[in-house]
Amino acid sequence: MLVGEIKTIKELYGLDLIAPGHRACAGCGALIAVRQILMASKRPLIVVSATSCLEVTSTPYPQTMWKTPWVHLLFENAATAASGIEAALKVLSRKYNRQEHYIIAFGGDGGTFDIGIQALSGALERGHRFIYVCYDNEAYMNTGIQRSGATPLGAATTTSPVGTKIVGKTQQKKDLMEIVVAHRIPYAATASPSHWKDLVNKVRKAQSYDGPSFIHVIAPCTRGWYFDTSETIKVARLAVETRYWPLYEVENGRYRITHPVPNPKPLEEFLKVQRRLSHLLLPENAEILESLKAYVNERWERLQKLSACFA
Amino acid sequence: MASVKTTTLPGGIINRPGSTIDYKTGTWRVKRPVVNLDKCIGCLICWIYCPEPAIIKRDDGKIDFDYDYCKGCGICSLECPTKAIRIVEE
Ligand SMILES: Cc1ncc(C[n+]2csc(CCOP(=O)(O)OP(=O)(O)O)c2C)c(N)n1
Ligand code: SF4
Ligand code: SF4
Ligand code: SF4
Ligand SMILES: [Mg+2]
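Residues numbered from 1 in each chain as written. Chains lettered and ligands numbered in written order. Predicted model: local features only at pLDDT ≥ 70, side-chain atom pairs only at ≥ 80, totals over all residues. Heavy atoms only, no water.

Q: Explanation requested: empty space enclosed by the protein in the structure shown.
A: Gaps left between atoms are located by rolling a probe of water-molecule size over the structure's atoms. Residues and elements named next belong to chain A. This model, assessed by the stated rule, comprises five cavities of 30 Å³ or more. Taken as a whole, the largest cavity spans an internal volume of roughly 100 Å³. As for the largest cavity, its lining consists of Lys173, Lys174, Asp175, Leu176, Met177, Thr190, His216, Trp245, Pro246, Tyr248, Tyr295 and Arg299. When the residues that make up the lining of the largest cavity are grouped by side-chain class, the tally is six nonpolar, two polar and four charged. (1 Å grid on protein atoms, 1.4 Å probe; cavity = no way out; pocket = protein on both sides within 12 Å on 5 of 7 lines; lining within 4 Å. Points joined across faces, edges and corners; volume = space filled by probe spheres on them. Nonpolar A, V, L, I, M, F, W, Y, C, P; charged D, E, K, R; others polar.)

Put into structure tokens, the structure is as follows:
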């Protein structure tokens, strides 16, 4: 189904749909991911954002970084807004012979895993032709680092601190991809801005389908994960190389690991570079570290088995 | 093409795409990336990872910085495969 595979960075030069001057923190992973996704997207493109760091930093009224039509409504309804736009444009193109548009909705992990999941489920079930992108910085960053359903076990946030009663978040991360895949949509994939080629081609693939698609992209956050602003891509790459963030796709129900990691780095390599998680390396937190490792390993093994089923 | 009746909905409307360029985020910077053009091979890896974007391709294929917007995060320097970008104090 792949049309126009992107092979080199040079093919993307000049395709930016965001302008500089936006107010994201220096080194923001979300902005790198969004920038790459938009460069890869087919045009004309309409973007929808849920309330989030992306929304707030991209449109300091009366300015906007977006160079393509963009809509923000609420925190919980990016998928609903995208559905309405898609339905309206479908009618317009039929009635007035208007050009077809592409639509991408962006939500943070809070806006997707938690508050927007009902809207997302409805949009996927109704079959609207759009990509929903969840950029995952694993907490509610814009309001000051509160834990979300996407925060991993043991991670320190302002509502799951490391103290004497609890050591960071006490629950494992929700497996959002599995929830999305259960809707039997044509295309769902995970991605990382460190692996830009994998990411941009997943965008192209998603847009080749006449139905809903979903991309779950890791978005390291220097403020909430506590690492140096220069290390955003390094951290994203370590997430992939330790199997913390498996890169895979589910195309018409068929699983495929798109970036095999035959010799994974120890999970500790990913944890130790971020202060929200580095306490898991302390001897007293060994049990939590083991649970987190078990989660990561079980998910990887499951994905491997599923991929083998469809190979 | 038949005309389409439109209604303006209430809400904030911004009619200048990309207008954040009015705001120079370069003033945030405390450290500055500097490229050694002898080492730069024009691979654009720095460019694909810049969050702003604040990297420009020169006519010779090598890169230059747009210091009006570069926030000095240092990602470009860490990711450059030939170590062509140094970070210096402002
Ligand atoms: C209904 C509603 N509840 C709460 C808020 C406040 N709020 C704005 S952004 C935000 C956090 C968003 O978190 P996430 O979706 O993970 O995006 P991030 O900021 O982390 O990128 C919250 C709680 C809101 N705008 N609307
Ligand atoms: S808080 Fe994190 S996600 Fe939000 S703008 Fe800053 S770096 Fe980006
Ligand atoms: S990453 Fe380094 S070598 Fe490649 S274009 Fe940038 S400065 Fe030049
Ligand atoms: S230091 Fe950061 S903002 Fe400046 S050019 Fe490099 S990657 Fe872009
Ligand atoms: Mg978030």
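Q: Got a minute to help me understand the coordination of the magnesium ion (ligand 5) in this structure?
A: Coordination angles at a metal have ideal targets, namely 109.5 degrees for four tetrahedral donors and 90 or 180 degrees for six octahedral donors. Residues and elements named next belong to chain A. Within the protein, the magnesium ion (ligand 5) binds to Asp109 (OD), Asn137 (OD1) and Ala139 (O); these donor distances fall in the range 1.9 to 2.1 Å. Taken in sequence order, the residues that donate to the magnesium ion (ligand 5) follow the motif D-x27-N-x1-A. One end of the pair, Asp109, is in helix 4 (residues 109–114); the other, Asn137, is in the loop between strand 4 (131–136) and helix 6 (176–181), with 28 residues separating them in the sequence. An identical accessibility class is assigned to Asp109 and Asn137; each is buried. (Donors = N, O, S within 2.8 Å, 3.2 Å for Na, K, Ca; no water. Helix = DSSP H or I, 4+ residues; strand = E, 2+ residues; numbered from the N terminus. Buried < 20%, exposed > 50% of the residue type's maximum accessible area, 1.4 Å probe, protein only.)

Q: So what exactly am I meant to see when it comes to the environment of Leu73(A) here?
A: All names here are of chain A. Position of Leu73 among the secondary structure elements: in the loop between strand 2 (70–72) and helix 3 (78–96). The class for Leu73 is partly exposed, based on a relative accessible area of 46%. Taking the C-alpha atoms as reference, Leu73 lies 9.9 Å from Glu55; in sequence the two are 18 residues apart.

Q: For this particular structure, what's the right way to read the site of ligand 1?
A: Residue and element names in this part refer to chain A. If you check the shell around ligand 1, you find 17 residues, and the closest are Gly110, Gly111, Tyr135, Ala139 and Met141. Within the backbone of Cys53, an N or O atom sits 2.9 Å from an oxygen atom of ligand 1. In the model, an oxygen atom of ligand 1 is placed 3.0 Å from a nitrogen or oxygen of the Asn137 side chain. When the free accessible area of ligand 1 is taken as 590 Å², the share hidden by the protein chains comes to 75%. Among the residues making up the shell around ligand 1, the classes are represented as seven nonpolar, eight polar and two charged. (Near = heavy atom within 4 Å. Polar contact = N/O pair within 3.5 Å; in protein donor to acceptor, adjacent residues only side chain to side chain. Areas by Shrake-Rupley, 256 points an atom, 1.4 Å probe, with all protein chains shown as cover.)

Q: Help me out: how do you make sense of the site of ligand 4 in this one?
A: What surrounds ligand 4 is the set Pro33(B), Cys50(B), Glu52(B), Ile55(B), Phe65(B), Cys70(B), Lys71(B), Gly72(B), Cys73(B), Gly74(B) and Cys76(B). Residue classes in the shell around ligand 4 are distributed as seven nonpolar, two polar and two charged.

Q: Got a minute to help me understand the pattern of salt bridges in this structure?
A: Proximity of charged atoms lets side chains of opposite charge pair with each other. Residues and elements named next belong to chain B. Across all of its chains, the model carries 22 salt bridges over all chains by this definition. One salt bridge connects Arg32 with Glu90, and the closest N-O pair in it is separated by 2.9 Å. Placement of Arg32 in strand 1 (residues 31–35) and of Glu90 in the segment after strand 4 (85–89) is noted, with a sequence separation of 58 residues between them. (Salt bridge = Lys/Arg side-chain N within 4 Å of Asp/Glu carboxyl O.)

Q: Sorry if this is basic, but what is going on with the sheet that holds strand 8 (residues 254–257) of chain A here?
A: Within a beta sheet, neighbouring strands are joined by backbone hydrogen bonds and run either parallel or antiparallel to one another. All names here are of chain A. With respect to topology, eight strands assemble into an open sheet ordered 2-1-3-4-6-5-7-8, the strand pairing being mixed. Edge strands, defined here as strands with exactly one partner in the open sheet, are strand 2 and strand 8. Direction aside, the axes of adjacent strands within the sheet are offset by 15 degrees on average. Note that strand 1 (residues 45–49) and strand 2 share three bridges and pair parallel. The residue of strand 2 that forms the bridge with Ser49 is His72. The strands touched by helix 1 (residues 29–40) within the sheet are strand 1, strand 3 (102–108), strand 4 and strand 6 (213–218), with strand 3 carrying the most contacts at an inclination of about 170 degrees. Along the sheet, helix 11 (residues 286–310) makes contact with strand 7 (248–251) and strand 8, crossing strand 8 at roughly 120 degrees. (Pairing = 2+ DSSP bridges. Axes fitted to C-alpha atoms, helices over the stretch in contact; angles between N-to-C directions. Contact = heavy atoms within 4.5 Å.)

Remember that the coordinates give geometry; whether it matters functionally is a separate question.
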